[in-house]
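Breakdown of the fold
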Amino acid sequence: KKSAKNIYEKAKSIVGKIRHIFTDANSCYDVIFQDVPEAHTMTKAETHLIESSNSSFRDNLARFNRKTKRYTKSYYELTIT
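Now for a quick tour of the structure. If you're wondering where the values come from, they're calculated on a predicted model, not measured in any experiment.

With that settled, the discussion passes to the side chain of Glu-38. Among the secondary structure elements, Glu-38 is positioned in the loop between α2 (27-32) and β2 (39-42). Here the side chain of Glu-38 touches Tyr-8 through a polar contact of 2.6 Å, side chain to side chain. A polar contact of 2.8 Å, which involves the side chain of Glu-38, links it to the side chain of Lys-12.

On to the pairing of β2, then. Taken together, the 4 bridges between strand β1 (residues 20-23) and β2 define a ladder with parallel strand orientation. Bridging across to β2, Phe-22 finds its partner in Thr-41.

Here we come to the layout of surface pockets. Estimates place the volume of the largest pocket at around 430 Å³. Breaking the lining of the largest pocket down by element, the ones donating at least two residues are α1 (2-15), β1 and α3 (48-61). Tallying contributions element by element places α1 first for the lining of the largest pocket, with 6 residues.

Attention now moves to the packing of aromatic side chains. By the definition in use, this model includes 2 aromatic pairs. Centre to centre, the rings of Tyr-8 and Phe-33 are 5.7 Å apart; their planes meet at 75 degrees, and the pair counts as edge-to-face. Here Tyr-8 is found in helix α1, whereas its partner Phe-33 is found in the loop between α2 and β2, with 25 residues between them in sequence. Classification of Phe-33 by relative accessible area gives buried; the value is 6%. Taken together, a centroid distance of 6.3 Å and an interplanar angle of 20 degrees make the contact between Tyr-29 and Phe-33 stacked. Here Tyr-29 falls in the partly exposed class, since its relative accessible area comes to 23%.

So, about the pattern of salt bridges. Summed over all chains, the structure comprises 2 salt bridges. Salt-bridge contacts for Asp-35 lead to Lys-5; the nearest nitrogen and oxygen are separated by 3.2 Å. Remark: Lys-5 occurs in helix α1 and Asp-35 occurs in the loop between α2 and β2; sequence separation between them is 30 residues. For Asp-35, a relative accessible area of 58% gives the class exposed. Lys-12 is the partner of Glu-38 in a salt bridge, and the nearest nitrogen-oxygen pair spans 2.8 Å.

Parameters at a glance
Residues numbered from 1 in each chain as written. Predicted model: local features only at pLDDT ≥ 70, side-chain atom pairs only at ≥ 80, totals over all residues. Heavy atoms only, no water. Helix = DSSP H or I, 4+ residues; strand = E, 2+ residues; numbered from the N terminus. Polar contact = N/O pair within 3.5 Å; in protein donor to acceptor, adjacent residues only side chain to side chain. Pairing = 2+ DSSP bridges. 1 Å grid on protein atoms, 1.4 Å probe; cavity = no way out; pocket = protein on both sides within 12 Å on 5 of 7 lines; lining within 4 Å. Points joined across faces, edges and corners; volume = space filled by probe spheres on them. Phe/Tyr/Trp six-rings, centres within 6.5 Å; stacked < 30°, edge-to-face > 60°. Buried < 20%, exposed > 50% of the residue type's maximum accessible area, 1.4 Å probe, protein only. Salt bridge = Lys/Arg side-chain N within 4 Å of Asp/Glu carboxyl O.

Here it is, written out as structure tokens:
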């Protein structure tokens, strides 16, 4: 709970005005964002794209972690991906 509120506060300090907050359908977000002035919508439709991007990013970073099955075979692959 606390980390979502911290991210919100940090984003607001960097960006300035936030008009709308979109979160997935986790009930904890309803409690966290009930006292903020911005509109809050809980839906999977608006968060699907960013979650998909995050998944791809994590998958591509996996080759740098020793415990994973992904690996980089050559320097060339490392530079183009």
